[in-house]
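Observations on chain architecture
Here's the letter readout for the chains.
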Amino acid sequence: MTKQHKNYINGAFIDPTGTMIPVDNPATGAVLSEIPDTPVEQVDAAVEAAKGSQRAWEALPAIERAGYLRAIAAKIRENVPEIAKTIVEEQGKVMGLAEVEVGFTADYMDYMAEWARRIEGEIITSDRPGENIFLFRQAIGVIGGILPWNFPFFLIARKLAPALVTGNTIVIKPSKETPNNAAAFMDLAAQVGLPDGVVNMIYGHGSTTGNALCDNPDVGMLSFTGSVDTGVRIMEAAAKNITKVNLELGGKAPAIVCADGDLELAAKAITASRVINSGQVCNCAERVYVERAVADEFMALLSKHMSASTFGNPLEDQSVDYGPMINKAGLDNVAGLVERAKAAGAEVVTGGEIADLGAGNYYQPTVLAGVAQDSEIMQTEVFGPVLPVNVVDDLEQAIVRSNDSDFGLTSSIYTRDIGAAMKACREIKFGETYINRENFEAMQGYHAGVRKSGIGGADGKHGLYENTQTHVVYLQS
Ligand code: NAD
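Treat the numbers as computed from the prediction; the structure is a model and nothing was measured.

1. Some thoughts on the overall build of the chain
A count of helices and strands for the chain gives 15 helices and 27 strands. For 477 residues, the compact-globule estimate of 2.2 N^0.38 gives 23 Å, and the C-alpha radius of gyration of the chain, at 23 Å, lies within 12% of that figure. With the C-alpha coordinates aligned to their principal axes, the bounding extent of the chain is approximately 70 × 70 × 40 Å. Once local pairs closer than 6 in sequence are excluded, the contacts in the chain between residues at least 24 apart make up 73%. Element-wise, carbon and sulfur atoms account for 52% of the exposed surface of the chain, whose accessible area totals about 18,600 Å².

2. Observations concerning the packing of helix α3 (residues 80-91) against helix α4 (residues 95-114)
Orientation of α3 relative to α4, taken along the N-to-C sense of each, is 125°, at an axis distance of 8 Å. Relative to α4, the element α3 lies oblique. Where α3 crosses over α4, the handedness of that crossing is right-handed. Contacts between α3 and α4 involve Val 80, Ile 83, Ala 84, Lys 85, Ile 87 and Val 88 from the first element and Met 95, Ala 98, Glu 99, Glu 101 and Val 102 from the second. Looking at the contact of α3 with α4 residue by residue, the class counts come to 8 nonpolar, no polar and 3 charged.

3. A few points about the side chain of Gln 91
For Gln 91, the location among the structural elements is in helix α3. Side chain to side chain, Gln 91 and Lys 93 meet in a polar contact 2.7 Å long. Discounting residues that sit within four places of it in the chain, Gln 91 has contacts with Pro 26, Trp 149, Asn 150, Pro 152, Thr 178, Asn 277, Gln 280, Pro 324 and Ile 326.

4. What about the domain arrangement of the chain?
By the assigned domains, the chain splits into domain 1 (3-248 + 452-476) and domain 2 (253-440). Computed over C-alpha atoms only, the centres of domain 1 and domain 2 are separated by 31 Å. Listed by partner, the interface residues are 23 residues for domain 1 and 27 residues for domain 2. Summed over both partners, the interface of domain 1 with domain 2 comes to about 2,000 Å²; 64% of that surface belongs to carbon and sulfur atoms. Area buried by domain 1 at its contact with domain 2 is led by Ala 27, Trp 149 and Ser 453, which between them contribute 25% of it. For the pair domain 1 and domain 2, the interface holds 1 salt bridge.

5. Observations concerning the pairing of strand β11 (residues 221-225)
With 5 of its 5 residues buried, β11 lies for the most part within the structure. The alternating pattern of β11 places Met 221, Ser 223 and Thr 225 on one face and Leu 222 and Phe 224 on the opposite face, and all of these are buried. Taken together, the 4 bridges between strand β8 (residues 142-146) and β11 define a ladder with parallel strand orientation. Counted as the bridge partner of Ile 146 is Phe 224 from β11. In terms of strand pairing, β11 meets strand β12 (residues 244-248) through 5 bridges, oriented parallel. Its bridge partner being in β12, Ser 223 is matched across the sheet by Asn 246.

6. Points about helix α1 (residues 40-59)
Between its terminal C-alpha atoms α1 stretches 29 Å, which fits the 28 Å expected from 20 residues at 1.5 Å a residue. At Ser 53, α1 shows its largest bend, some 40°.

7. Quick look at the site of the ligand
Taken together, 29 residues form the shell around the ligand, and within it Leu 147, Ser 227, Thr 230, Leu 249 and Glu 381 come nearest. Lys 173 has a polar side-chain atom sitting 2.9 Å from an oxygen atom of the ligand. Within the side chain of Glu 381, one N or O atom sits 2.6 Å away from an oxygen atom of the ligand. Coverage of the ligand by the protein chains reaches 88% of its 860 Å² of free accessible surface. Breaking the shell around the ligand down by element, the ones donating at least two residues are α7 (206-215), β11 and α8 (228-241). Element by element, the count of residues in the shell around the ligand is highest for α7, at 4 residues. By residue class, the composition of the shell around the ligand is 12 nonpolar, 12 polar and 5 charged.

8. Some thoughts on the state of the cysteines
Enumeration over the complete set of coordinates arrives at 0 disulfides. The closest cysteine sulfur to the non-disulfide-bonded Cys 282 is located on Cys 284, 8.1 Å from its own sulfur.

Procedures and definitions
Residues numbered from 1 in each chain as written. Predicted model: local features only at pLDDT ≥ 70, side-chain atom pairs only at ≥ 80, totals over all residues. Heavy atoms only, no water. Helix = DSSP H or I, 4+ residues; strand = E, 2+ residues; numbered from the N terminus. Rg over C-alpha atoms; globule rule 2.2 N^0.38 Å. Contact = heavy atoms within 4.5 Å. Areas by Shrake-Rupley, 256 points an atom, 1.4 Å probe, with all protein chains shown as cover. Axes fitted to C-alpha atoms, helices over the stretch in contact; angles between N-to-C directions. Parallel < 35°, antiparallel > 145°, perpendicular 65-115°, else oblique. Left-handed = near helix turned anticlockwise from the far one by under 90°. Nonpolar A, V, L, I, M, F, W, Y, C, P; charged D, E, K, R; others polar. Polar contact = N/O pair within 3.5 Å; in protein donor to acceptor, adjacent residues only side chain to side chain. Domains from an automatic or database assignment. Buried area = accessible area lost by both parts, 1.4 Å probe. Salt bridge = Lys/Arg side-chain N within 4 Å of Asp/Glu carboxyl O. Buried < 20%, exposed > 50% of the residue type's maximum accessible area, 1.4 Å probe, protein only. Pairing = 2+ DSSP bridges. Expected span 1.5 Å × (residues − 1). Bend = angle between axes of the 7 residues up to and from the residue. Near = heavy atom within 4 Å. Disulfide = S-S within 2.5 Å.

Structure representation (structure tokens):
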């Protein structure tokens, strides 16, 4: 019988009720498990449990709360191969990347646990004699964590770890595409003796379960990672209750290649950034601006590396660079964008077609030349292994075109000129810029987008404090 996952509410796994949603392997189409489409009453019960346990949880010393995070991290490390295989089966990434994701998740839990002794308030000078003004950082209350499917295991930690160490409790809703690894996480977390209600996991569709979580007035912050369209819907729901939102949304990362840059390094790093996880990464290089003087040389290198990228079922062939796309809708979206770009005059340098491997959703590694700045494919998030390239006169034009986007998450530049690099740092209006390296953020940084890429951010001190609210106290002595 197909495995049926159970919601975890108030310290107990609850037998599923109502409609079940099948979960499949994107490489084969085989059904792997089923999850409940959690109805409003159970969503509300999960929030109620989180609310009920929050006061006592916040009252624990932060270092004790951190102990639970470390215990979960240790359990994760004991189960890396099993969890990685679960991710590969339901999400389609290659095994090496899945293992990195699982290890990074454990490290992230430990990293956030380290903050337990470093959560600091402020003492502010008063205008009045004998008065002290204190600014405390306190928990918000219940966090609603809504997750995408592309780094599904890590994103649990990115929501849960900073929330818990700062004294919040949490209700997590994984993507319906990738709930199996979330169930594995919950199985491990349930073994470390967390007080009931501190962590709750509910499964379902966004339009039902996710929406019910957003509608609940007892959720103090909605911490969401996903698409811009869903981010808009979440803000609309949050507006009804004036619920704080933390939104990590889509990207359209520009990669600027300067004439003085290391072209081989740039071509390799941009290729790696574009094919990793089949191009389904928010911070991936999504468009290239190359200076005219080196455009032909760079295009030849980029085309060589992109066309050499291999793909296939990652459970059958562990040597492939990337696996299937998450589903048919994702594949059709990429194919449609490329077809319309071709119709608008883009030249296919390599790839440009769906790859038929019999089963699974695969797209060829693709480079498009002659793509206009205002074209759909230069402006829309592709989320697949496709790179449109635009030739620019100089760095100034590359910066202007980079900023000419609804998105503002990550960006990169390849140059040996420190002046050019610093100009880009000052003038590129993005949350992150990578200079002469691939796009991949550090847990001690701050991953945050501007414009439609989001509100607020995650990681590091600033991400931690997103999970707190201030409380100012005036003490007259
Ligand atoms: P998605 O927006 O389709 O779904 C994300 C989550 O939102 C899912 O759990 C879904 O069930 C839920 N959801 C959908 N409708 C909802 C509603 N009305 N109310 C509440 N919840 C709802 O995104 P996806 O396809 O899972 O992920 C891909 C997107 O995520 C891409 O745009 C990518 O750029 C973005 N992403 C961003 C970051 C970042 O850090 N900025 C990281 C990873 C992915």
